[in-house]
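Structure at a glance
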Amino acid sequence: MTPQKIIIDTDPGQDDAAAIMLALASPEIDVLGVTAVAGNVPLALTERNARIVTEICGRGDIAVYAGADKPLARKLVTAEHVHGKTGLDGVDLFDPGRPIEKKHAVDFIIETLRSEPAGTVTLCLLGPLTNIAMVIERAPDVVGRIKQIVLMGGGFFEGGNITPSAEFNIYVDPEAAKIVFGAGVPLTMMPLDVTHKVLTTKVRVERLRANGNRASVVMADMLEFFERFDEEKYGTDGGPLHDPTVIAWLLDPGMFAGRHCNVEIETGSELSLGATVVDWWKVTGRPENAFVARDVDADRFFDLLIERLGRL
Ligand code: BDR
Ligand code: CA
């Protein structure tokens, strides 16, 4: 089987790190490059964190590109209260050996989409959508060449996590999200409705740690930090592990359930800025523009994640 070619656009983040690890551990996936965006922490940290994570996976050969350092039209909002000061709190970080690429992330994505055969590259979006909105605006010719976009973002039945109605990735750059959801690219959305069902329970984190290899132990340490904030917030055993759901969708879509819907992004209202308005019940007649996942088999998800990270 030919591996699926992907670009990971990310703002690591412990859960972003888990997604990168899952992708790099999976032979079904060929990571063409990793692009960083400002989000959980500022760009200088997200691009460094991305390089650190690839090296922990023994894949220092993966090129990492820095992209937008702020949203299209707003001030950057970050989430150190969740991820810690570095974005990857929970482990000792080190200076990565491989430097950041000189090329801008947006140029890398555009050039890759032009040089790879049309319809073969999937964009996996794990942070605010700024970089991809810039690609769409700057190079409309590449939009039709994107195989699909799979993103973690939004929330509908579950509400928001940064405001009552908005999820963090969409809230940080709602104008970018509007461009991405309106681009006409086949799009799959992993909202909070799904990610709040994949909880890093004690038993699951211990199973991961028991793999014994460096990547699994590092991830277990990161998760023990990462889940603290959410355990307190939600009163659960473990916290949601958002971003790896994007990679799990590529590996085993059968573990998810959802439907094709229209999704619009709120950019005007101060009260509900960044809300993903999902027409789940088809009451508007607006055209479908996304497959919205709503459910997941959490045990199947963690079986996959733990087994794969054990291979690194
Ligand atoms: C999303 O926001 C970030 O904090 C996480 O990395 C994830 O991408 C969850 O709302
Ligand atoms: Ca993220």
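That block above? That's the structure.
Given the structure is predicted, the values throughout are model-derived calculations rather than measurements. Sequence order sets the numbering: in each chain, residues are counted from 1 along the sequence as written. Naming scheme: in the order in which they are written, chains are lettered from A and ligands are numbered from 1. Side-chain atom pairs in this predicted model are given and counted only at pLDDT of 80 or more, local residue features only at pLDDT of at least 70, and totals for whole chains, interfaces and linings cover all residues. Heavy atoms throughout the structure, all of them, feed into the side-chain values; hydrogens and water do not.

1. Focus on the packing of helix α1 (residues 14-24) against helix α13 (residues 298-309)
Only the stretch in contact is used when a helix axis is fitted, and all axes are lines through C-alpha atoms; the angle between N-to-C directions ranges over 0 to 180 degrees. Per the convention used, a helix needs a DSSP run of H or I reaching at least four residues, while a strand needs a run of E reaching at least two, with both numbered from the N terminus. Packing of α1 against α13 brings their axes to within 9 Å, and their N-to-C directions diverge by 70°. With respect to each other, α1 and α13 are oriented roughly perpendicular. For the pair α1 and α13, the sense of crossing is left-handed. Taken together, the residues of α13 that come into contact with α1 (itself represented by Ala-18, Met-21 and Leu-22) are Leu-304, Leu-305, Arg-308 and Leu-309. Throughout, the term roughly parallel applies to angles under 35 degrees, roughly antiparallel to angles over 145, roughly perpendicular to angles from 65 to 115, and oblique to all others. Handedness of a helix crossing follows the sense of rotation of the near helix relative to the far helix, less than a right angle counterclockwise being left-handed and clockwise being right-handed. In what follows, residue pairs with any heavy atoms lying within 4.5 Å of each other are defined as contacts.

2. So, the pattern of salt bridges
Any Lys or Arg side-chain nitrogen found within 4 Å of a carboxyl oxygen on Asp or Glu counts as a salt bridge. With the rule as written, the count across this model stands at 21 salt bridges. Across the salt bridge formed by Lys-5 and Glu-116, the nearest N and O atoms sit 2.5 Å from each other. Note that Lys-5 is positioned in strand β1 (residues 4-10) and Glu-116 in the loop between α4 (105-115) and β4 (121-125), a separation of 111 residues in sequence. Across the salt bridge formed by Arg-207 and Asp-303, the nearest N and O atoms sit 3.0 Å from each other. One end of the pair, Arg-207, is in helix α10 (residues 202-209); the other, Asp-303, is in helix α13, and 96 residues separate them in sequence.

3. Section: the pairing of strand β5 (residues 146-152)
Burial within β5 is extensive, with six of its seven residues counted as buried. Note: two strands are recorded as paired if DSSP finds a minimum of 2 bridges between them. The pairing of β4 with β5 spans five bridges and is classified as parallel. Across the sheet, residue Val-121 finds its bridge partner in β5, namely Ile-146. Bridge count between β5 and strand β6 (residues 187-190): four bridges; the pairing is parallel. Residue Met-152 lies in a different strand from β6, and its bridge partner there is Met-190. Summary of the burial criterion: residues with accessible area below 20% of their type's maximum are buried, those above 50% are exposed, and those between are partly exposed, where the area comes from a 1.4 Å probe applied to protein chains only.

By themselves, these observations are geometric and do not establish any function.
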